[in-house]
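Each chain, written out:
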Amino acid sequence: MDRAEGFAPVYGAGSRVLILGSFPSVKSRAVGFYYGNPQNRFWRTVCGFFGEEVPCGVAEKKEFLFRRRIALWDVVTSCEIQGSADASIRGEEVADLGEVVAKSGVSRILCNGNKSYSVLEKNFPQLLPITKKLSSTSPANPRFSAEEWYAALEEAFED
């Protein structure tokens, strides 16, 4: 297995919700940004919640995230991984989630799937009260629920 590197976090001082994935897929690593596999339901779901079209490029996706006050990161920043399989992750380096929470206005964390939640739970138990585990947007997940995501986003952004 080869060692792979993830991406830097995307967040700003105004970010309210951190969406936390596990680790970028092979396709995401190839395009150099989060959820780069067109079959992944992440962008369609989150943009759909806001009634927007999916932005085309990385700069446009970042602009969407900042405008909608969403922070985006993966809980694993570096690891050995076979393909895109979360189950094959070994020797992981864990993200410093405390840094993003402290430097932003994040008050809610939405975990995109079981792996991101289990790593957060193990390494950052103090963040569990503001964390919700959601079904993975991965095309490999047959139990994905857009309704679950919409409800969690609605709750996270209500004032």
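This text goes with the structure placed above it.
Computed from a prediction, not measured in an experiment: that's the story for all the values here.

Trainee: Describe the overall build of the protein chain, naming the residues involved and giving the relevant values.
Mentor: Counting its secondary structure elements, the protein chain contains six helices and seven strands. In the protein chain, the succession of helices and strands from N to C terminus is β-β-α-α-α-β-β-β-α-β-α-β-α. Rg of the C-alpha trace for the protein chain: 14 Å, near the compact-globule value of 15 Å for 159 residues, within the 12% margin. Structurally, the protein chain occupies a C-alpha span of about 45 × 35 × 30 Å along its principal axes.

Trainee: Can you break down the nonpolar core residue by residue, with the values?
Mentor: Residues I19, L20, W43, V46, L72 and L97 are the most contacted members of the largest nonpolar core, which totals 46 residues. The element best represented in this core is helix α6 (residues 146-157), accounting for five residues. Residues contacting I19, with those up to four places away along its chain left out, are F42, V46, I70, A71, L72, W73, L110 and W149.

Trainee: Lay out the side chain of K61 with the relevant residues and their values.
Mentor: Along the chain, K61 falls in helix α3 (residues 58-67). Look at K61: it is buried, it has no salt bridge, and the nearest opposite charge is E60 at 8.3 Å. Contacts of K61, omitting those with residues within four sequence positions, involve F33, W43, V54, P55 and C56.

Trainee: Please set out the sheet that holds strand β7 (residues 131-134) residue by residue, giving values where relevant.
Mentor: Through backbone hydrogen bonds, the strands of a sheet pair up, either in parallel or in antiparallel fashion. Ordered by their spatial adjacency, four strands build an open sheet running β3-β2-β6-β7, and the pairing between neighbours is parallel. Unpaired on one side and paired on the other, β3 (70-74) and β7 mark the two borders of the sheet. Sheet twist, expressed as the mean angle between neighbouring strand axes with direction ignored, is 20°. Bridging between strand β2 (residues 17-21) and strand β6 (residues 108-112) involves four bridges; their strand directions are parallel. Bridge pairing in β6 links V17 to R108.

Trainee: Could you give me a rundown of the packing of aromatic side chains, with the residues and numbers involved?
Mentor: On inspection of all chains with the given rule, the structure shows 11 aromatic pairs. Considering the side-chain rings of F50 and F64, the 5.9 Å spacing of their centres and the 75° angle between planes classify their relative orientation as edge-to-face. Here F50, found in the loop between α2 (42-49) and α3, pairs with F64, found in helix α3; they are 14 residues apart in sequence, far enough to count as distant. In this structure, F50 and F64 share a single accessibility class: buried. Taking 5.6 Å as the distance between ring centres and 75° as the angle between the ring planes, the aromatic pair formed by F50 and F157 counts as edge-to-face. Of the two residues, F50 is situated in the loop between α2 and α3 and F157 in helix α6; the sequence distance between them amounts to 107 residues. Judged by relative accessible area, F50 falls into the buried class, the value being 18%.

Trainee: Would you mind going over the pattern of salt bridges in detail, with residue names and values included?
Mentor: In this structure the tally under the stated criterion is six salt bridges. Note that E52 and R67 form a salt bridge whose closest N and O atoms lie 2.8 Å from each other. With a gap of 15 residues between them, E52 in the loop between α2 and α3 and R67 in helix α3 connect regions that are remote in the sequence. Ionic pairing is found between K103 and E99, a salt bridge with its closest N-O pair at 3.7 Å. Residue K103 and its partner E99 are located together in helix α4 (residues 97-103), separated by four residues, close to a single helical turn. Three or more residues joined by partner-sharing salt bridges are found here, namely E52, E63, R67 and R68.

How each quantity is defined
Residues numbered from 1 in each chain as written. Predicted model: local features only at pLDDT ≥ 70, side-chain atom pairs only at ≥ 80, totals over all residues. Heavy atoms only, no water. Helix = DSSP H or I, 4+ residues; strand = E, 2+ residues; numbered from the N terminus. Rg over C-alpha atoms; globule rule 2.2 N^0.38 Å. Core = buried A, V, L, I, M, F, W, Y, C linked by side-chain atoms within 4.5 Å. Buried < 20%, exposed > 50% of the residue type's maximum accessible area, 1.4 Å probe, protein only. Contact = heavy atoms within 4.5 Å. Lys, Arg positive; Asp, Glu negative; His and termini not counted. Salt bridge = Lys/Arg side-chain N within 4 Å of Asp/Glu carboxyl O. Pairing = 2+ DSSP bridges. Axes fitted to C-alpha atoms, helices over the stretch in contact; angles between N-to-C directions. Phe/Tyr/Trp six-rings, centres within 6.5 Å; stacked < 30°, edge-to-face > 60°.

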